[in-house]
Amino acid sequence: MRIARIEIDGAPRAAVVSPDGEIARLLAPEVTVPDLLAADPAQRERIAARAGDDVLLADARMLAPVQPPTVRDF
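Small disclaimer: the values here were computed from a predicted structure and weren't measured.

Colleague: Would you mind going over the overall build of the chain with me for this structure?
Modeller: Each helix and strand in the chain was counted, giving two helices and five strands. In the chain, the order of α-helices and β-strands from amino to carboxyl end is β-β-β-α-α-β-β. Along the first, second and third principal axes, the C-alpha atoms of the chain reach 40 × 30 × 20 Å. For the chain, with 74 residues in total, the buried portion stands at 30%. Counting only carbon and sulfur atoms, one obtains 53% of the accessible surface of the chain, whose full area is about 5,300 Å².

Structure follows, in structure tokens:
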């Protein structure tokens with residue numbers, strides 16, 4: 001499973017990328033990439049099965065896959 005974070009209507013959304021890499025299926029707004037990474041494989045498949053709208057990746061703005069909660073600079 002390929003996971004992406006994309007910007008849709010000015011807000012970041014987690015998505016599952018199709019095997020050909022052209023389409024992303026949007027996940028529910030409350031699902032985040034860290035949620036998917038923390039889930040066991042069976043839970044991850046169940047979450048992905050409930051994916052909603054399709055978005056062409058060529059039309060989407062790709063974001064960093066994981067956004068750190070804090071950045072520490074020493």
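Right, picking up where we left off after that structure.
Colleague: I would appreciate a short explanation of the side chain of Ser18 in the present structure.
Modeller: You can see Ser18 is positioned in the loop between β2 (11-17) and β3 (23-26). Aside from chain neighbours lying at most four places away, what touches Ser18 is Arg2 and Ile23.

Colleague: What's the story with the pairing of β3 in this structure? I'm lost.
Modeller: Every second residue of β3 is oriented toward a common face, the buried set being Ala24 and Leu26 and the non-buried set Ile23 and Arg25. Pairing of β2 with β3 involves three bridges; the strand directions are antiparallel. When the sheet's bridge partners are listed, Val16 is paired in β3 with Arg25. Joining the antiparallel neighbours β2 and β3 is a turn of five residues, in which Gly21 adopts a positive phi near 75°. Of the pairings in the sheet, the one linking β3 to strand β4 (residues 54-56) comprises three bridges and is antiparallel in character. Looking at β4, one finds that Arg25 is bridged to Asp54.

The rules we used
- Residues numbered from 1 in each chain as written.
- Predicted model: local features only at pLDDT ≥ 70, side-chain atom pairs only at ≥ 80, totals over all residues.
- Heavy atoms only, no water.
- Helix = DSSP H or I, 4+ residues; strand = E, 2+ residues; numbered from the N terminus.
- Buried < 20%, exposed > 50% of the residue type's maximum accessible area, 1.4 Å probe, protein only.
- Areas by Shrake-Rupley, 256 points an atom, 1.4 Å probe, with all protein chains shown as cover.
- Contact = heavy atoms within 4.5 Å.
- Pairing = 2+ DSSP bridges.

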